[in-house]
Amino acid sequence: MATEDKNRATAAAILPLVGGAANVSSIAHCMTRLRLGLHDRSLVDDEALKAVPAVMGVVEDDTYQIVLGPGTVARVTPEFEQLVEEGRTADPAPGEAAPPAPASASASADELAAQGAAMKAARKTKNATPFKLFLRRVANIFVPLIPALIGCGIIAGLNGLLVNLGWLTSVTPALAAMASGFMALIAVFVGYNTAKEFGGTPILGGAVAAIIVFPGVANIEAFGQKLSPGQGGVLGALGAAVLAVYVEKWCRRWVPEALDVLVTPTLTVLVSGLVTIFGLMYVAGEISTAIGTFADWLLSNGGAGAGFVLGGLFLPLVMLGLHQALIPIHTTLIEQQGYTVLLPILAMAGAGQVGAAAAVYFRLPRNESIRRTIKSALPAGLLGVGEPLIYGVSLPLGRPFITACVGGAFGGGFIGLFNQLGDKVGSTAIGPSGWALFPLLDGNHGLGTTVAIYAGGLLVGYFAGFFATYFFGFSKDLLAEFNVSQEPAESTVAATGGPTSPTTGPDSPTKEPAGV
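In this text the structure is predicted, and so the values were computed from the model without any measurement.

Q: An account of a nonpolar patch on the surface is needed here, citing residue identities and associated values.
A: A cluster of nonpolar side chains, contributed by Leu 158, Leu 161, Leu 165, Trp 167, Leu 168, Val 171 and Leu 447, occupies part of the molecular surface with about 630 Å² of accessible area. By the secondary structure assignment, Trp 167 is in the loop between helix H6 (146-165) and helix H7 (172-184).

Q: Let's hear about the nonpolar core: which residues, and what values?
A: Across soluble globular proteins, nonpolar side chains have a tendency to be buried as a group. Counting 71 residues, the largest nonpolar core has Phe 142, Ile 186, Val 190, Val 360 and Tyr 454 as its most contacted members. Apart from residues no more than four positions distant in its own chain, Val 190 is found in contact with Ile 141, Phe 142, Leu 145, Val 234, Ala 237 and Leu 238.

Q: A description of the sheet that holds strand E2 (residues 33-38) should follow, citing residues and the corresponding values.
A: Pairing is antiparallel across the open sheet formed by 4 strands, whose spatial order is E1-E2-E4-E3. Each of the sheet's edge strands pairs with one partner strand only, and the pair in question is strand E1 (24-29) and strand E3 (57-60). Adjacent strand axes in the sheet meet at a mean angle of 20°, parallel and antiparallel pairs treated alike. Sheet analysis places E1 next to E2, joined by 5 bridges and oriented antiparallel. When the sheet's bridge partners are listed, Ser 26 is paired in E2 with Gly 37.

Q: Break down the packing of helix H14 (residues 348-363) against helix H15 (residues 368-382) for me, with residues and values.
A: Here H14 crosses H15 at 160°, and the two axes come no closer than 10 Å. With respect to H15, the element H14 is oriented roughly antiparallel. Handedness of the crossing formed by H14 with H15: left-handed. When H14 is examined against H15, the residues Val 354, Ala 357, Val 360, Tyr 361 and Phe 362 are found in contact with a partner set consisting of Ile 370, Arg 371, Ile 374, Lys 375, Leu 378, Gly 381 and Leu 382. Residue composition of the contact of H14 with H15, by class: 9 nonpolar, 1 polar and 2 charged.

Q: Residues and numbers for the environment of Tyr 282, please.
A: Looking at the element boundaries, Tyr 282 is found in helix H11 (residues 257-320). Separated by 60 residues in the primary sequence, Tyr 282 and Ala 222 place their C-alpha atoms 7.3 Å from one another.

Q: A description of the environment of Gly 434 should follow, citing residues and the corresponding values.
A: Residue position: Gly 434 is located in the loop between strand E7 (425-427) and strand E8 (441-443). For Gly 434, a relative accessible area of 6% corresponds to the buried category. It is 9.3 Å that separates the C-alpha atoms of Gly 434 and Ala 349, two residues lying 85 residues apart in sequence. If we ignore the near neighbours within four places in the chain, the residues touching Gly 434 are Ala 347, Leu 382, Leu 383, Gly 384, Tyr 454 and Leu 458.

Q: Tell me about the pattern of salt bridges, residues and numbers included.
A: Using the criterion set out here, one finds 9 salt bridges in the structure. Where Arg 252 meets Glu 248, a salt bridge forms, and the shortest distance between an N and an O atom there is 3.0 Å. Within this pair, Arg 252 and its partner Glu 248 are both found in helix H10 (residues 233-254), separated by 4 residues, close to a single helical turn. One salt bridge in this structure joins Asp 296 and Lys 424, with 3.4 Å as the shortest N-O distance. Taken together, the positions of Asp 296 in helix H11 and Lys 424 in the loop between helix H17 (399-420) and E7 put the pair 128 residues apart, joining distant regions of the chain. We classify Asp 296 as partly exposed; its relative accessible area is 23%.

Q: Please set out unusual backbone geometry residue by residue, giving values where relevant.
A: Excluding glycine, residues mostly carry a negative phi; peptide bonds, for their part, are mostly trans. At Leu 168, a position not held by glycine, the phi torsion is positive, near 50°. One non-glycine residue with positive phi stands out, namely Phe 223, at about 55°. Residue placement: Phe 223 occurs in the loop between strand E5 (221-222) and strand E6 (225-226).

Q: Account for the packing of aromatic side chains, with residues named and values stated.
A: Within the structure shown, the criterion is met by 14 aromatic pairs. Between Tyr 361 and Phe 362, the aromatic rings sit 5.6 Å apart at their centres with planes inclined by 85°, giving edge-to-face as the arrangement. Assessed through its relative accessible area of 53%, Phe 362 is described here as exposed. Summarising the aromatic geometry, the rings of Phe 466 and Phe 467 are spaced 5.4 Å apart at their centres and angled 90° between planes, so their arrangement reads as edge-to-face. You can call Phe 467 partly exposed: its relative accessible area is 43%. Pairwise contacts between aromatic rings join Tyr 361, Phe 362, Phe 463, Phe 466, Phe 467, Tyr 470 and Phe 471 into one cluster. Sitting over the ring of Tyr 470, Arg 363 keeps its end group 5.1 Å from the ring centre.

Q: Summarise H6; cite the residues concerned and give the values.
A: Compared with an ideal rise of 1.5 Å per residue, which puts 20 residues at 28 Å, H6 spans 29 Å between its outermost C-alpha atoms and is within 8% of the ideal. Residues of H6 that are buried: Ile 146, Leu 149, Ile 150, Cys 152, Gly 153, Asn 159 and Leu 162. Positioned one or two residues after H6, Gly 166 has a phi angle of 75°, which is positive.

Q: Talk me through the confidence of the model for the chain; I want residue IDs and the actual numbers.
A: A residue-level look at the chain finds 85% of positions with pLDDT of 70 or above and a mean pLDDT of 83. Element-level pLDDT for the chain is lowest in helix H4 (residues 107-126), with a mean of 57, against a maximum mean of 95 in helix H9 (residues 202-213). Every residue in residues 92-107 is under pLDDT 50, and counting partners more than four places away or in other chains gives 26 contacts. Across residues 488-516 the pLDDT falls below 50, and counting only partners more than four positions away or on other chains, this stretch makes 36 contacts in the model.

Rules behind the numbers
- Residues numbered from 1 in each chain as written.
- Predicted model: local features only at pLDDT ≥ 70, side-chain atom pairs only at ≥ 80, totals over all residues.
- Heavy atoms only, no water.
- Patch = residues over 30% accessible without salt bridge, like charges linked within 9 Å, V, L, I, M, F, W, Y side chains within 5 Å.
- Areas by Shrake-Rupley, 256 points an atom, 1.4 Å probe, with all protein chains shown as cover.
- Salt bridge = Lys/Arg side-chain N within 4 Å of Asp/Glu carboxyl O.
- Helix = DSSP H or I, 4+ residues; strand = E, 2+ residues; numbered from the N terminus.
- Core = buried A, V, L, I, M, F, W, Y, C linked by side-chain atoms within 4.5 Å.
- Buried < 20%, exposed > 50% of the residue type's maximum accessible area, 1.4 Å probe, protein only.
- Contact = heavy atoms within 4.5 Å.
- Pairing = 2+ DSSP bridges.
- Axes fitted to C-alpha atoms, helices over the stretch in contact; angles between N-to-C directions.
- Parallel < 35°, antiparallel > 145°, perpendicular 65-115°, else oblique.
- Left-handed = near helix turned anticlockwise from the far one by under 90°.
- Nonpolar A, V, L, I, M, F, W, Y, C, P; charged D, E, K, R; others polar.
- Phe/Tyr/Trp six-rings, centres within 6.5 Å; stacked < 30°, edge-to-face > 60°.
- Lys NZ or Arg CZ within 6 Å of the ring centre and 35° of its normal.
- Expected span 1.5 Å × (residues − 1).
- pLDDT = per-residue confidence, 0-100.

Here's what the structure looks like:
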């Protein structure tokens, strides 16, 4: 099947399972997920969605998120958008029935999936605090920038390799321009997205943020110091654009309609621009410098201990929704130093998950259902897409999630140790993890050393997660409950013509949620 046909087939399989075109209110995607706004959540068939071959899992948050993986999601989304548009034109009935879900492999896998879904729903409710909702909005500003960060980061890595080898000397200046152009103007894009996210006019947010990178600010003094172009970086751009939104909204409320088109944009740029130049640039610059200094100090002095804590706590931070606060920190470090030293350490959390999943696979040799789930999700986990393993295996089981975090801690400690010894390992972009991070690695002692340290961290995370889970991840009760043979049962059709739910037999015990 041609790639285009395959992507369209995936989109066509997903659409009826989310309630059809009439049930879709918004469509977006990030690095790995198709994010849908839905009118009626009850029309979604979660189990049938998970059975679609290209779907790695589903996550319910402020939007309904279907995990398709890097690359695939960028190709499926346009096809899905086209099908939704065609469906709306045809005006289908919102309650149109979706195809019946295929019979699940066994009760055990269904129970884990149900527990994972319940945990996600509980997490969503718990994370709906004003502070966490604000962090989510901040994340929404930076997520659309990730493709450009990745593309420019890979080009920067390629350019560095060519410069070190002395190859293609006539081409490397052009590659340097391609790699650096976006980063030189990233504040403008942050300002644009910030205004859009907070309900203002996007171009006005971009216009105010553009002041930060304008070369002419070098002629301006603030707080007794000359400003420098780019001072304050993305944090300054974010603050400037938020201010612009509030000024614009005030103007819309008080300026007469006849003068609005002239007065509102002028006052928005003027007021926000003056505050940015004579306040925000200096303050945000000090904060940005402090972030870079603290990150360097933390890993130079904390070393293995700091890496251990960061690698071990990252997944709990994700569960709490607090990981989104790290996105502007990563971006600030990339803007300042060319790479973020935090991301490779945090990526070890995924390595711990992979190791833990492998241990679960070997500890439950009789449970073909869970083993099939692990085999299908493991390749994505190796590439840094961890949701299927987290929500489908380790988190519902309880203890394996904790031991997976232990694996991430040891992997993070390994990389942190080398940072303390002077071998920095960083990433030139955010988004990818696992093996997908290799093309984006950078450091201070050559690409070979950087790659070797990161690969060593992954191996440590895999092995630590495996052994911690194999030996400590299961209580006797949990092992007895799940290490049982469960043959897939054929779905039967009742006399009424409706499908009946598959079971493992009339005497199958009802399992309680997995305990820690």
